[in-house]
Amino acid sequence: MSYQVGYFVGSLSSTSINRVLSKALIRVAPNDLEFTEIPIRDLPLYSQDYDDDYPAEGRSLKDSISASDAILFVTPEYNRSIPGGLKNAIDWASRPWGQNSFDHMPTAVIGASIGVIGTAIAQQSLRAVLAFSNTRHMTAPEAYIHFTDEVFHDDGTIADSDTEDLLRSYMAEFRDHVQRVLTVLPRR
Ligand code: FNR
């Protein structure tokens, strides 16, 4: 049995270091996790005015989450918080009222920054949002990744064995978390 993991990259940058991190995470993940990126770029800014008739981008987002067994967030920190594009996507997924796509969803968050703080504050903000969204969030381990070109290569290879071990362990823990949650709260 394999698990379908939808993942969000919280950056719209064409040179995103968090996209590189997502490739690295997929490389070291257990074999029974299958990954599909859930794009956020083309979503309009959310408004309740859309609730009666979601546009195609909003429906596609919610369908992608529904097709997932778990969601992984790989995000930068913007001004000590969640990037606006990612927060907008979460708002879309959480609505219309009563149709929250994240209900009971196994989730985890990780991120990379060029600073040594490694997205710690953005992750704390995101955890609060995911708690309110009623996800079943992996509380530990946490992983705050200080990104350097020497360690992370564009194709997702990792040039430092300690970092590779850390990410491998993180993904193994995520996989166990997903299995535990779905054992109690099967999605289908
Ligand atoms: C940043 N950056 C940043 N870094 C950080 O550690 N804490 C922060 O609060 C911020 N704030 C911030 C705001 C904005 C608007 C930008 C554009 C950048 C720097 C950030 O870590 C760096 O640009 C990363 O490359 C962003 O990740 P992606 O987009 O490359 O994945």
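Structure's up top.
Here the structure is a predicted model, which means the values were calculated and not measured.

Novice: Sorry if this is basic, but what is going on with helix 1 (residues 17-28) here?
Specialist: For an α-helix the count is 3.6 residues per turn, leaving residues at separations of three or four pointing the same way. Spanning 12 residues, helix 1 covers 17 Å between terminal C-alpha atoms, matching the ideal 16 Å at 1.5 Å per step. In the core, the buried residues of helix 1 are packed alongside strand 1 (3-9), strand 3 (70-74), strand 4 (106-113), strand 6 (144-146) and helix 5 (161-184). Taking the backbone nitrogen of Asn18 as reference, a side-chain oxygen 3.1 Å away marks Ser16 as the first, capping residue of helix 1.

Novice: I keep staring at the nonpolar core and nothing clicks. Help me out?
Specialist: The biggest cluster of nonpolar side chains holds 31 residues, and the ones touching the most others in it are Leu21, Leu72, Ile110, Phe152, Leu167, Met171 and Phe174. Of all the secondary structure elements, the ones that give two or more residues to this core are strand 1, helix 1, strand 2 (33-37), strand 3, strand 4 and helix 5. Of the residues forming this core, the biggest block, six residues, is contributed by helix 5. Not counting residues within four places of it along the chain, the set of residues in contact with Leu21 comprises Val74, Ile110, Gly111, Ala112, Ile145, Phe152 and Leu167. Grouped together as the second largest cluster of nonpolar side chains are 22 residues, Leu61, Ile65, Ala89 and Trp92 included.

What counts, and at which threshold
Residues numbered from 1 in each chain as written. Predicted model: local features only at pLDDT ≥ 70, side-chain atom pairs only at ≥ 80, totals over all residues. Heavy atoms only, no water. Helix = DSSP H or I, 4+ residues; strand = E, 2+ residues; numbered from the N terminus. Expected span 1.5 Å × (residues − 1). Contact = heavy atoms within 4.5 Å. Polar contact = N/O pair within 3.5 Å; in protein donor to acceptor, adjacent residues only side chain to side chain. Core = buried A, V, L, I, M, F, W, Y, C linked by side-chain atoms within 4.5 Å. Buried < 20%, exposed > 50% of the residue type's maximum accessible area, 1.4 Å probe, protein only.

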